[in-house]
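Remarks on the overall topology
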Amino acid sequence: MGAAFVALILLERRRPLRADVESKLVRTIRNSAIAVLSALVVARLDRPLIMPVARAVERRRWGLLLNVPLPAAWRGALAIVLLDYTMYHWHVLLHRIPGLWRFHLVHHVDLDLDASTALRFHFGELALSIPWRMAQIAAIGVTPAALTRWQALFFLSILFHHSNIRLPIEVERVLNRFVVTPRMHGIHHSIVPDETNANWSSGLTLWDLLHGTARLNVPQEEIVIGVAAYRDPTDVTLGKIIAQPFGPQRPWARLPAGEEPQRHLPVATATRLAS
Ligand SMILES: [Zn+2]
């Protein structure tokens, strides 16, 4: 996992997809500090609560997949697919429910997007996701083995699609038919609200295509990364972003001058990945 992270950072230096706004060093330190707080929540809360649910699922045969006749390999693969699908819905809720958005906002107000952003989730967001994940595991019927496999895949996936790597567009278009890629997720991190409210998948692209929430036709050089109401570097210092969910919230979709950023692209090309 650590090796994947280092490899992504080296590739980001060699072939960056978008130009940096803030200093890479400052952002990496800031995002790593958030990651340390999150790692504490994962170690103290997530792991002690989540794994026992998966063990109970296996022992008591709870959940959908353990109650339908399926070969074991199918069961393991479907558990990962259904976890991915229900993560799509969790991501939608993070954006739609104000009480969750104020935490997820901390991830989105990063003024650049790279592999370090993949580690920058407010500890409150991680804590709030625990009941959802317990429900996912119990309802789907996720065993400890399937959970461990999904956790590794999910982590690799978010590292990859947050990274600032310029893949050849032809390669990325092929990959993007199956999984979320850096250009696709870059559009989700745009300051244009219609683009933030799109591309919610975090593993398979399928879910956005299925729900009509894929928006792929935005060229990367036209994207401004971040959230409209928090464009100033002084808005996103370490202390401010840790405290951000607990204080008053700005109307996030509006620029400081009051207008909402917009972009008009033909709907017909929405599912063709732009360069
Ligand atoms: Zn998001």
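Each remark here, short or long, concerns the structure printed above.
All values reported here derive from a predicted model rather than from experimental measurement. (Residues numbered from 1 in each chain as written. Predicted model: local features only at pLDDT ≥ 70, side-chain atom pairs only at ≥ 80, totals over all residues. Heavy atoms only, no water.)

Here the zinc ion is held by His 91 (NE2), His 95 (NE2), His 104 (NE2), His 108 (NE2) and His 188 (NE2), and the distances to it run 2.1 to 2.2 Å. Each donor residue of the zinc ion belongs to the same chain, and together they define the spacing H-x3-H-x8-H-x3-H-x79-H. Of this pair, His 104 sits in helix 4 (residues 98–108) while His 188 sits in helix 8 (residues 182–188), and the two are 84 residues apart along the sequence. By relative accessible area, which is 0% here, His 188 ends up buried. (Donors = N, O, S within 2.8 Å, 3.2 Å for Na, K, Ca; no water. Helix = DSSP H or I, 4+ residues; strand = E, 2+ residues; numbered from the N terminus. Buried < 20%, exposed > 50% of the residue type's maximum accessible area, 1.4 Å probe, protein only.)

Attention now moves to the packing of helix 3 (residues 72–96) against helix 5 (residues 123–140). Helix 5 packs onto helix 3 with a crossing angle of 140 degrees between their chain directions and a minimal axis gap of 11 Å. Taken together, the axes of helix 3 and helix 5 lie oblique to each other. Seen along the crossing, helix 3 lies across helix 5 with a hand that is right-handed. Residues Ala 79, Leu 82, Leu 83, Thr 86, Met 87, His 89, Trp 90, Leu 93 and Leu 94 of helix 3 lie in contact with helix 5, whose contacting residues are Glu 125, Leu 128, Ser 129, Trp 132, Gln 136 and Ile 140. Looking at the contact of helix 3 with helix 5 residue by residue, the class counts come to 10 nonpolar, four polar and one charged. (Axes fitted to C-alpha atoms, helices over the stretch in contact; angles between N-to-C directions. Parallel < 35°, antiparallel > 145°, perpendicular 65-115°, else oblique. Left-handed = near helix turned anticlockwise from the far one by under 90°. Contact = heavy atoms within 4.5 Å. Nonpolar A, V, L, I, M, F, W, Y, C, P; charged D, E, K, R; others polar.)

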